[in-house]
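# Structural overview
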Amino acid sequence: LVDADDRGQRCLDGEHAIVGLALADDLAALGARYIETSRAFRKFDRPFFVDKMPGNWMNVGLIQLILPNAKIIDARRHPMACCFATSKQIMVGGSNGAYDLTFIGRRYNDYVDLMAHFDTVLPGRVHRVRYEDMVALVVKAVQQQQVQIDGIASTTATTTSITNTTIVNNYS
């Protein structure tokens, strides 16, 4: 959850204590506060938005309590790709163990274990997609658009080549 005073850089502290003491009204108020404070980070006033904070996986249980209609998407990346990307990311403000490969591997396992737990206790609430599948869909869509933009007669595009069967006059 984003703390507006910290410009979205850390999670709210003490979420476990909050949940242990909270009544339904308190949870609803916390959800309303999150929606209100996150407005500062959204470009458009739309009914849905994506909060892509990397640590959100640790707050799925709390998010489900304070925002019961929230859609949770677990965009799961291959473990090696995920951990390598994490190790290469420059962590502004620091992140415990961000450059320790053992820590990163353990943290990834924690993430997988916690998502499996939510699959058990909140079946169907966390929607999982494969990151690599999403990237492949984007590549395919871009290739299809390129075919249309370039005026290429071929309706088939592949990742390795596009064959131009029309003469294109380009005066630039």
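Because the structure is a prediction, the values reported are computed rather than measured. (Residues numbered from 1 in each chain as written. Predicted model: local features only at pLDDT ≥ 70, side-chain atom pairs only at ≥ 80, totals over all residues. Heavy atoms only, no water.)

Further remarks concern the overall build of the protein chain. Helices and strands together make up the secondary structure of the protein chain, namely six helices and two strands. Going from N to C terminus, the protein chain has its helices and strands arranged as α-α-α-β-α-α-β-α. A total of 172 residues make up the protein chain; the buried ones form 23% of that total. Taking the contacts inside the protein chain whose residues are at least 6 apart along the sequence as the reference set, 56% of them involve residues at least 24 apart. Total accessible area on the protein chain stands at roughly 12600 Å², and carbon and sulfur atoms take up 58% of it. (Helix = DSSP H or I, 4+ residues; strand = E, 2+ residues; numbered from the N terminus. Buried < 20%, exposed > 50% of the residue type's maximum accessible area, 1.4 Å probe, protein only. Contact = heavy atoms within 4.5 Å. Areas by Shrake-Rupley, 256 points an atom, 1.4 Å probe, with all protein chains shown as cover.)

Time to look at helix H5 (residues 101–121). For H5, which comprises 21 residues, the first-to-last C-alpha distance of 30 Å matches the rise-based estimate of 30 Å (1.5 Å per residue) to within 8%. When H5 is considered as a whole, its buried residues turn out to be Ile104, Tyr108, Tyr111, Met115 and Phe118. Within H5, the buried residues cover an arc of 85 degrees as seen down the axis, which keeps them to one side. The outward face of H5, more than 90 degrees from its buried face, is lined by the exposed residues Arg106, Asp113 and Thr120. Those residues of H5 that are buried are in contact with helix H3 (60–66), strand S1 (72–76), helix H4 (79–88) and strand S2 (126–130). The opening residue of H5, the one whose side-chain oxygen lies 3.0 Å from the backbone nitrogen of Thr102, is Asp100. (Expected span 1.5 Å × (residues − 1). Arc of directions from axis to C-beta. Polar contact = N/O pair within 3.5 Å; in protein donor to acceptor, adjacent residues only side chain to side chain.)

As a further point, take the confidence of the model for the protein chain. The predicted structure's coordinates, where accompanied by low pLDDT, should not be read in detail. In the predicted model, the protein chain carries a mean pLDDT of 77, and the fraction of residues at 70 or more is 69%. Contacts from residues 1–13, a stretch scored under 50 in pLDDT, to residues over four places away or in other chains number 29 contacts. Overall, residues 159–172 carries pLDDT values under 50, and its contacts beyond four positions in sequence, including any with other chains, amount to 13 contacts. (pLDDT = per-residue confidence, 0-100.)

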